[in-house]
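# Coordinate inspection notes
Each chain, written out:
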Amino acid sequence: MSYISGFLLAVPTANKDEYKKHAEAAWPIFKDYGCLSCHENWGVDVQDGKVTSFPMAVKKEDNETVVFSWMIWPDKKTADDGWEKMMNDPRMEQLAEMPYDGMRMMWGGFEPLVDMRAKVSA
């Protein structure tokens, strides 16, 4: 069963291009350790909430944008092994300087529950 690593973070809006380059530089490392795909999504319609919301969860500041991303792995074991190996990969040191506040990033691992897709007719 596939496995999803999900992330939510706030990125300074001025760092959008830098964040994109950072994500693109990380992809070959993720792929080398078994990640099947990585999806980085820049918030364009992310509303403040009254009780809870994405902006509140990451303590978004006025000059920041919420980013929602996920990685798809073949299974949890591949993800766990991959993360462990990546933390010891010297290429990760090149990514140590992040264009966002990593202390406000949240992440978790998920098993797919329902997967619905539109069928494309030929």
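In short, a report on the structure. None of these values were measured; they are calculated from a predicted model.

## Things to note about the overall build of the chain
- Per the secondary structure count, the chain includes 3 helices and 4 strands.
- Going from the N terminus to the C terminus, the chain shows its helices and strands as β-α-β-α-β-α-β.
- Expressed as lengths along the three principal axes of its C-alpha atoms, the size of the chain is roughly 45 × 35 × 30 Å.
- Within the chain, buried positions represent 31% of all 122 residues.
- A gap of 5 Å separates the mean positions of the 14 positive and 20 negative side-chain charges of the chain.

## Re the pattern of salt bridges
- Enumeration according to the criterion identifies 8 salt bridges in this entry.
- When the shortest N-O distance is used, the salt bridge between Arg 91 and Asp 32 registers 2.7 Å. Of this pair, Arg 91 sits in the loop between α3 (76–87) and β4 (106–110) while Asp 32 sits in helix α1 (residues 16–32); the two residues are 59 residues apart in sequence, bridging distant segments of the chain.
- Using a relative accessible area of 31% as the deciding quantity, one classes Arg 91 as partly exposed.
- Residue classification places Asp 32 among the partly exposed residues on the basis of a relative accessible area of 48%.
- When the shortest N-O distance is used, the salt bridge between Arg 104 and Glu 64 registers 2.6 Å. With Arg 104 in the loop between α3 and β4 and Glu 64 in strand β3 (residues 64–73), the pair connects residues that are 40 residues apart, well separated along the chain.
- Among the ionic contacts, a cluster of salt bridges with common partners joins Asp 32, Asp 89 and Arg 91.

## Looking at the nonpolar core
- Counting residues in hydrophobic clusters, the biggest one holds 18 residues, and the most contacted among them are Leu 9 and Trp 73.
- The set of elements that each furnish at least two residues to this core consists of β1 (3–12), α1, β3 and α3.
- Apart from residues no more than four positions distant in its own chain, Leu 9 is found in contact with Tyr 19, Val 58, Thr 65, Val 66, Val 67, Tyr 100 and Met 105.

## Describing a nonpolar patch on the surface
- Where nonpolar side chains cluster on the molecular surface, the patch consists of Val 46, Phe 54 and Phe 68 and spans about 250 Å² of accessible area.
- Examined against the element boundaries, Phe 54 turns out to sit in helix α2 (residues 54–57).

What counts and what doesn't
- Residues numbered from 1 in each chain as written.
- Predicted model: local features only at pLDDT ≥ 70, side-chain atom pairs only at ≥ 80, totals over all residues.
- Heavy atoms only, no water.
- Helix = DSSP H or I, 4+ residues; strand = E, 2+ residues; numbered from the N terminus.
- Buried < 20%, exposed > 50% of the residue type's maximum accessible area, 1.4 Å probe, protein only.
- Lys, Arg positive; Asp, Glu negative; His and termini not counted.
- Charge placed at Lys NZ, Arg CZ, Asp CG, Glu CD.
- Salt bridge = Lys/Arg side-chain N within 4 Å of Asp/Glu carboxyl O.
- Core = buried A, V, L, I, M, F, W, Y, C linked by side-chain atoms within 4.5 Å.
- Contact = heavy atoms within 4.5 Å.
- Patch = residues over 30% accessible without salt bridge, like charges linked within 9 Å, V, L, I, M, F, W, Y side chains within 5 Å.
- Areas by Shrake-Rupley, 256 points an atom, 1.4 Å probe, with all protein chains shown as cover.

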